[in-house]
Amino acid sequence: LGPIVRALKRQWHCRAYLILRDLFPDWAVDAGVMRKGLAYRILKRVERGQYAAADVIGVQTRANEPLVAADAPPGAKIETLHNWLAKPDVVPTAIDLSTGPLAGRTIFAYTGNMGAAQGMDCLIDLAVRMRGRRDAGFLFVGRGSDVPRLRAIAESQRLDNVQFVDEVDSAEIPGILAQCHVGLIALDPRHTTHNIPGKLLTYLHAGLPVLGDDIKSQVGAT
């Protein structure tokens, strides 16, 4: 989108603010999705082009400012843009957890993408370790490249404390979380860049305590 942004700036004589959520392609290298080969060099050029097109670059944490500065033009204005969450328009959800396999349990919920960047193994491992606890259950809502594998693990382990729900409209998430008790967050422990998952704000907005995997020791959420 860098060339499009530059064209819009020329046409409308306006400034551009880049809201940067993930440092791509570096996180993909950290997670083992790609190597530092030709594709990586091409994507780094695209990344630098986007930085050059922006008058201001907003990152999630102060620790990301020097990382972005290393690829941005000299003198680029980089600042920490704190996360926000508007009041959601809550709509009725067809997901009723009071009649499913998690009925009557304390429900630990994960909502969002389940792919290489998330490192979901720690959460499914936690479900395996707690399979004997009749008072606890795990809800996974969303899509991603790891969903088939996670479902296969749950089936092979015959986990009756896990329920998967396909991706739903974001407006339904508050209604789902209103039926849950704890929010879960996972990130691949190999990440070297800093990231604040948007689901953290969603959980807090729903009034849920949040558990995250220990990315330093790679032990997993406990």
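Refer to the structure printed above.
Caption draft 1: A nonpolar patch on the surface, seen in detail. Together, Leu 1, Ile 4, Leu 8 and Trp 12 give the surface a local cluster of nonpolar side chains, amounting to about 490 Å² of exposed area. Tracing the sequence through the fold places Leu 1 in the segment before helix H1 (2–12). Taking the relative accessible area as the measure of exposure, Leu 1 reaches 69% and is therefore exposed.

Caption draft 2: Focus on the environment of Leu 150. Tracing the backbone shows Leu 150 in helix H6 (residues 147–156). The exposure class assigned to Leu 150 is buried, which follows from its relative accessible area of 1%. C-alpha separation for the pair Leu 150 and Val 165, spaced 15 residues apart in sequence, amounts to 12 Å. Not counting residues up to four positions away in its chain, the partners in contact with Leu 150 are Met 114, Met 120, Ile 124 and Phe 164.

Caption draft 3: Region of interest: the sheet that holds strand S3 (residues 77–80). Taken in spatial order, the three strands line up as S1-S2-S3 in an open sheet, and their pairing is parallel. The sheet terminates laterally at strand S1 (17–19) and S3, the two strands that pair on one side only. Between one strand axis and the next, the sheet turns by 25° as a mean value, whatever way the strands run. As defined by bridge partners, strand S2 (residues 56–59) adjoins S3 across four bridges and the pair is classed as parallel. Bridged to Ile 57 within S3 is Ile 78.

Caption draft 4: Region of the structure containing the sheet that holds strand S4 (residues 106–111). Strands sit in the order S6-S5-S4-S7-S8 across an open sheet of five strands; the sheet is parallel. Edge positions in the sheet fall to strand S6 (162–165) and strand S8 (210–212), since each of these pairs with one other strand and no more. Pairwise comparison of adjacent strand axes, ignoring direction, gives a mean angle of 25° for this sheet. With two bridges joining them, S4 and strand S7 (residues 182–185) adopt parallel strand pairing. Bridge pairing in S7 links Phe 108 to Val 182. Each of S4, S7 and S8 touches helix H8 (residues 198–205); the most contacted strand, S7, lies at about 175° to it.

Scoring rules and cut-offs
The numbers attached to residues start from 1 for each chain and follow its sequence in the written order. Whole-chain, interface and lining totals are the exception, using all residues; otherwise, since this is a predicted model, local features are given only for residues with pLDDT of at least 70 and side-chain atom pairs are given and counted only at 80 or more. For side-chain calculations, the full set of non-hydrogen atoms in the structure is used, while hydrogens and water are omitted. In this analysis, a patch consists of residues with relative accessible area above 30% that form no salt bridge, clustered at 9 Å for like charges and at 5 Å for the nonpolar side chains Val, Leu, Ile, Met, Phe, Trp and Tyr. The Shrake-Rupley method, run with a 1.4 Å probe, gives the accessible areas here. Residue values count only the displayed protein chains as cover. Take a side-chain nitrogen of Lys or Arg and a carboxyl oxygen of Asp or Glu: if they are within 4 Å of each other, that pair is a salt bridge. The secondary structure listing takes helices from DSSP runs of H or I that are at least 4 residues long and strands from runs of E that are at least 2 residues long, numbered from the N terminus. When accessible area is computed with a 1.4 Å probe and restricted to protein chains, residues below 20% of their type maximum are described as buried, those above 50% as exposed, and intermediate ones as partly exposed. Whether two residues are in contact is decided by their heavy atoms: any pair within 4.5 Å suffices. Two strands qualify as a pair provided DSSP detects at least 2 bridges between them. Between N-to-C directions, angles span 0 to 180 degrees; the directions come from axes that are lines fitted to C-alpha atoms, helices contributing only their stretch in contact.

Any functional reading would require information beyond the geometric quantities listed.
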